[in-house]
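Remarks on the overall topology
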Amino acid sequence: EMTIEERVTTTINDTVDQETNNDMSRVESINISDDSDAEGMKVANIELNGDDNLTVNLTKVGMLSKSADLFEVLFSEYDSFNKIVLTWNLPLVDVKGNETNGMVLKIGLQRDHGINWEQSDYNNFEHVAVIYFLHNALKD
């Protein structure tokens, strides 16, 4: 019998690949907790590693597109999730030239977001999300 975290990991791996194009594990961590705003419901905090791409814009678009796919699948397959927060990490270089994995995109949606997945545009996440952060490294 798999835990809910293991089931969610499998769902993510089936949806957006198990590894990044840097040979890193896609799923960094999953934390599922009770939603204090909705009795009996859960919040899924999912930390993921993103893929590098040729340009900053393609890297960002890739993560936004994968986020849309993940939100659609996770909300449809896990009825107990009231809120899902996806945090995407990429290697970042600091001012001293040291590379560490850091958060570059964070999107949180609630179940009642009202998104029509058939016609939605992932570029609108910043307008519909309850949490939205885009690191300067991904801004055009």
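Here goes a summary of the coordinates provided. This one's a predicted model, so the numbers in the text were calculated from it and none came from an experiment.

1. Observations regarding helix H1 (residues 4-16)
Compared with an ideal rise of 1.5 Å per residue, which puts 13 residues at 18 Å, H1 spans 18 Å between its outermost C-alpha atoms and is within 8% of the ideal. Restricting attention to buried positions, one finds in H1 the residues Val 8, Thr 11, Ile 12, Asn 13 and Val 16. Against strand S1 (27-34), strand S2 (42-49), helix H2 (56-77) and strand S3 (81-93) lie the buried residues of H1. Just past H1, the residue Asp 17 takes up positive phi, approximately 80°.

2. Quick look at the nonpolar core
Within the largest apolar cluster, 33 residues are counted, with the highest numbers of intra-cluster contacts made by Val 8, Ile 12, Ile 46, Phe 71, Ile 84, Leu 109 and Phe 125. Contributions of two or more residues to this core are made by H1, S1, S2, H2, S3 and strand S4 (99-110). With 7 residues, H2 is the single largest residue contributor to this core. Setting aside chain neighbours within four positions, we find Ile 12 in contact with Asp 17, Arg 26, Val 27, Ile 30, Ile 46, Leu 48 and Leu 70.

3. Some details on the environment of Glu 72
As for its position among the elements, Glu 72 is in helix H2. Residue classification places Glu 72 among the partly exposed positions, given a relative accessible area of 32%. Along the chain, Glu 72 and His 113 lie 41 residues apart, while their C-alpha atoms are 11 Å from each other. Look past the residues within four positions of Glu 72 in its chain and what remains in contact with it is Trp 117 and Glu 118.

4. Points about the pairing of S2
When S1 meets S2, the two strands line up antiparallel, connected through 7 bridges. Across the sheet, Ile 32 pairs through a bridge with Ala 44, a residue of S2. Following the chain from S2 across H2 to the adjacent parallel S3, one finds a crossover that is right-handed.

5. Focus on the pattern of salt bridges
Applying the stated criterion across every chain, the model contains 3 salt bridges. Three or more residues joined by partner-sharing salt bridges are found here, namely Arg 26, Asp 51 and Lys 66.

6. Focus: the packing of aromatic side chains
What the rule picks out here adds up to 3 aromatic pairs. Note on Phe 71 and Phe 125: the rings are 5.6 Å apart at their centroids and 65° apart in plane angle, and the pair reads as edge-to-face. On the criterion of sequence distance, the pair formed by Phe 71 in helix H2 and Phe 125 in helix H3 (residues 125-128) is long-range, its members being 54 residues apart. For the pair shown, Phe 71 and Phe 125 are each scored as buried.

7. Quick word on the sheet that holds S1
Ordered by their spatial adjacency, 5 strands build an open sheet running S1-S2-S3-S4-S5, and the pairing between neighbours is mixed. Taken across any chain shown, the strands that pair with only one partner, and hence form the sheet edges, are S1 and strand S5 (131-134). Each adjacent strand pair in this sheet contributes to an overall mean axis angle of 20°, direction not counted. By the bridge criterion, 4 bridges tie S4 to S5 in an arrangement that is antiparallel. Note on S5: the bridge partner recorded for Lys 106 is Phe 133.

Procedures and definitions
Residues numbered from 1 in each chain as written. Predicted model: local features only at pLDDT ≥ 70, side-chain atom pairs only at ≥ 80, totals over all residues. Heavy atoms only, no water. Helix = DSSP H or I, 4+ residues; strand = E, 2+ residues; numbered from the N terminus. Expected span 1.5 Å × (residues − 1). Buried < 20%, exposed > 50% of the residue type's maximum accessible area, 1.4 Å probe, protein only. Contact = heavy atoms within 4.5 Å. Core = buried A, V, L, I, M, F, W, Y, C linked by side-chain atoms within 4.5 Å. Pairing = 2+ DSSP bridges. Right-handed = clockwise from strand over helix to strand, strands pointing away. Salt bridge = Lys/Arg side-chain N within 4 Å of Asp/Glu carboxyl O. Phe/Tyr/Trp six-rings, centres within 6.5 Å; stacked < 30°, edge-to-face > 60°. Axes fitted to C-alpha atoms, helices over the stretch in contact; angles between N-to-C directions.

In short, the description is geometric, and any link to function would need to be established separately.
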